[in-house]
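# Summary of the model geometry
Each chain is listed here by its residues.
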Amino acid sequence: MVSSLLRWFKKNARDLPWRRTRDPYAIWISEIMLQQTQVKTVIPYWERWMRELPDATALAAAPEQRVLKLWEGLGYYTRARNLQKAARSIVEQFNGEFPRDFDAVLALPGVGRYTAGAIYSIAFNQPAPILDGNVIRVLTRLHAIHQNPREKQVNERLWQLAASLVATAAAIPNSEFRIPNSITGNCSALNQSLMELGATVCTPRSPKCGECPVRPHCDALAQNLVEQLPNIGARTVATQRRFAALVATHGDRVLVRQRPGDVVNARLWEFPNVELTNGDTVAPNSFAQFTPRLSPLASFCTIRHTITRYRITVEAFRADAESARAADGCVWIPRSELEHLPFTSAHAKIRSKLFESS
Ligand code: SF4
């Protein structure tokens, strides 16, 4: 099975920019960006990040607002903050050199067993296993594992299966499956083949079993269980949340506020807003707490955004302010400077609409 995967990967590996390097820093950034985010979305973000912050020393020294700006739109901003915390540890503990010791990589903020395994196998070609959503799907189907992969024992079994595959790959001479013009070794190729198979062939819906390199080994296919696996249990029920946001202008300036440091999306920027409960509608004085004496509100746009289990709707309203008074925490910013601030994903969409309408 391992040889089939390596042979298939050699022919079918997508040419992704982070596959042209073995720089552990570059691979780490790609792995963190790829969590919860599609490859095609990540490519321009990764390329820009690597141009602007090419190593751990540059990342450690960058102002947080610049880091968040480079991340703007990817969401889950804790990932960006943890990258910077980890870069600072790399500078302090390892003089800016990415650690080569697995436990040291695992100890970095925001790095779990999966990310450490990915960096260790891809950058250093070491036989460390990886297990993400794609690999879980492939392995539960290959072995027709009926139990929920989130259960502790099942999850540990999957880690062992992944470990056994990469250990087998490590024992095969690298030259046998070497990808032309590539520096990728077998441990790297095996782990990436599992991820690639899950992303492109063994997909959640309508997997392409006819094209699959490991179909002779697949128990789910033999038992006609492909569509039922993996068994991830009942989906979490989505929670709806509604907000009303104010896009207030005073001359050339726009009213915005920075979120506090102890909440979700800490220190990102947004338009002042209020959460609406069930039947609430927006009243003329709904935004008086942010700035007084507004012109009548005009409906501007509606943004829908999903994050974890939340389905968020933001209704934005425009108004002119008679004075430049602003509540604590709110500031009037020249319109031309708005694009330099890192905004939350939903409010970045409102900002784009504002630019389009100007
Ligand atoms: Fe997945 Fe089908 Fe391949 Fe089995 S045969 S691993 S279900 S794509």
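This section reports on the structure supplied with the text. Every residue gets a number counted from 1 within its own chain, in the order that chain's sequence is written. Reporting in this predicted model follows two pLDDT cut-offs: at least 70 for local features of residues, and 80 or more for side-chain atom pairs to be given and counted; totals over whole chains, interfaces and linings ignore these cut-offs and use all residues. Heavy atoms from the whole structure form the basis of all side-chain values; hydrogens and water molecules are not counted.

All right, on to the overall build of the protein chain then. If you tally the helices and strands in the protein chain, you get 13 helices and seven strands. Taken along its principal axes, the extent of the C-alpha atoms in the protein chain is 75 × 50 × 35 Å. Considering the protein chain as a whole, with its 358 residues, one finds that 49% of them fall into the buried category. Contacts: residue pairs with any heavy atoms within 4.5 Å of one another. Counting only contacts in the protein chain whose residues sit at least 6 apart along the sequence, the fraction spanning at least 24 positions is 68%. Computed with the Shrake-Rupley method and a 1.4 Å probe, the accessible areas treat only the protein chains shown as cover for residues. Carbon and sulfur atoms make up 49% of the accessible area of the protein chain, which totals about 17,600 Å². Of the side-chain charges in the protein chain, 44 are positive and 32 negative, and the distance between the mean point of each set is 4 Å. Think of it this way: any DSSP run of H or I at least four residues long counts as a helix, any run of E at least two long counts as a strand, and we number them from the N terminus. Only protein chains enter the area calculation, which uses a 1.4 Å probe; residues under 20% of their type maximum are buried, those over 50% are exposed, and those in between are partly exposed. Here Asp and Glu are counted as negative and Lys and Arg as positive; His is not counted, and neither are the chain ends. A charge is said to be at NZ when it belongs to Lys, at CZ for Arg, at CG for Asp and at CD for Glu.

Another aspect to go through is helix H6 (residues 78-94). The end-to-end C-alpha distance of H6, which contains 17 residues, comes to 23 Å, matching closely the 24 Å that a straight helix rising 1.5 Å per residue would cover. Within the sequence span of H6, burial applies to Arg79, Ala80, Arg81, Asn82, Leu83, Gln84, Ala86, Ala87, Ser89 and Ile90. Where H6 is buried, its residues contact helix H2 (24-34), helix H3 (39-52), helix H4 (56-61) and helix H5 (64-71). In this analysis, the expected span of each helix is defined as 1.5 Å times one less than the number of residues it contains.

Attention now moves to unusual backbone geometry. Put simply, Leu229 and Pro230 share a cis peptide bond, and its omega is 0°. For Pro230, the location among the structural elements is in the loop between helix H12 (219-222) and strand E1 (239-250). The phi dihedral of Arg267 falls on the positive side, at around 65°, and the residue is not glycine. Turning to its location among the elements, Arg267 is positioned in the loop between strand E2 (253-258) and strand E3 (269-270).

A few words now on the layout of surface pockets. Note on definitions: the grid is 1 Å and covers protein atoms alone; a cavity is a set of points where a 1.4 Å probe fits but cannot get out; a pocket is an open set with protein on both sides within 12 Å along at least five of seven lines; lining residues have an atom within 4 Å of a point. Grid points are joined across faces, edges and corners, and a volume is the space filled by probe spheres set on the points. Roughly 2,100 Å³ of internal volume is contained in the largest pocket. Taken together, 48 residues line the largest pocket, and the ones lying closest to its centre are Gln36, Asp132, Gly133, Asn134 and Arg137. If you list the elements that add at least two residues to the lining of the largest pocket, you get H2, H3, helix H8 (113-124), helix H9 (133-142), helix H10 (152-170) and helix H11 (186-200). The nonpolar class holds Ala, Val, Leu, Ile, Met, Phe, Trp, Tyr, Cys and Pro. Asp, Glu, Lys and Arg form the charged class, and all remaining residues, Gly among them, are polar. Residues belonging to the lining of the largest pocket are distributed by class as follows: 19 nonpolar, 14 polar and 15 charged. Here the second largest pocket is characterised by a volume of approximately 450 Å³. Every residue lining the second largest pocket is counted, 20 residues in all, and those nearest its centre are Arg259, Val264, Asn265, Ile307 and Ile312. When contributions to the lining of the second largest pocket are tallied by element, the ones reaching two or more residues are E1, strand E5 (298-307), strand E6 (310-320) and helix H13 (345-357). Among the residues forming the lining of the second largest pocket, the class breakdown is nine nonpolar, eight polar and three charged.

This next bit is on the side chain of Glu72. Assignment of secondary structure puts Glu72 in the loop between H5 and H6. For Glu72, a relative accessible area of 12% gives the class buried. The term polar contact refers here to a pair of N or O atoms within 3.5 Å; inside protein, the definition further demands a hydrogen-donor-capable atom paired with an acceptor-capable atom, and it admits residues adjacent in sequence only when both atoms are side-chain atoms. Side chain to side chain, Glu72 and Lys69 meet in a polar contact 3.1 Å long. Beyond its immediate stretch of four places on either side in the chain, Glu72 contacts Tyr45, Tyr77, Leu341, Pro342, Phe343, Ala348 and Arg351.

Time to look at H5. Regarding H5, the residues found buried are Val67, Leu68, Lys69, Leu70 and Trp71. Looking at the packing, one finds that the buried side of H5 touches H2, H3, H4, H6 and H13.

In this section: the site of the ligand. As a structural note, the neighbourhood of the ligand is formed by Arg141, Val201, Cys202, Cys209, Cys212, Arg215, Cys218, Leu221 and Val226. Put plainly, a molecule is in a cavity or pocket when over half of its atoms are within 2 Å of the grid points there. Counting atoms within 2 Å of the grid points, the majority share of the ligand lands in the largest cavity. Tallied by class, residues from the shell around the ligand come to seven nonpolar, no polar and two charged. Any residue with a heavy atom lying within 4 Å of a molecule or strand is counted as near it.

Where empty space is left becomes clear once a probe the size of a water molecule has been rolled over the atoms. Going through the model one piece at a time under the given rule, you end up with one cavity of 30 Å³ or more. As a volume, the largest cavity reaches approximately 110 Å³. As for the largest cavity, its lining consists of 14 residues, and the residues nearest its centre are Cys202, Cys209, Cys212, Val214 and Cys218. Partitioning the lining of the largest cavity into residue classes produces twelve nonpolar, no polar and two charged.

This part covers the packing of aromatic side chains. Side-chain rings of Phe, Tyr and Trp (the six-membered ring for Trp) are treated as a pair once their centres are within 6.5 Å; stacked means planes under 30 degrees apart, edge-to-face means over 60, and tilted covers the remaining angles. Tallied over the full model, the rule gives nine aromatic pairs. Between Tyr25 and Trp28 the ring centres are 5.9 Å apart and the planes differ by 70°, which places this aromatic pair in the edge-to-face class. You can see Tyr25 and its partner Trp28 sitting in helix H2, three residues apart, about one turn around the helix. Residue Tyr25 shares its accessibility class with Trp28, and that shared class is buried. Through successive ring pairs, a cluster of aromatic residues spans Tyr25, Trp28 and Phe98. Working rule: Lys NZ or Arg CZ, within 6 Å of ring centre, within 35 degrees of ring normal, means a charge sits over the ring. The ring centre of Tyr310 lies 5.4 Å from the NZ or CZ of Arg241, which sits over that ring.

What follows concerns the pairing of E1. Strand pairing follows a simple DSSP-based rule, namely that at least 2 bridges must link the two strands. By the bridge criterion, eleven bridges tie E1 to E6 in an arrangement that is parallel. Across the sheet, Val247 pairs through a bridge with Arg318, a residue of E6. Both E1 and strand E4 (residues 273-276) contribute to a ladder of four bridges, which runs antiparallel. The residue bridging Ala244 from the neighbouring strand is Val274, located in E4. Here E1 hands over to E2 after two residues, with Gly251 in that stretch at a positive phi of 60°.

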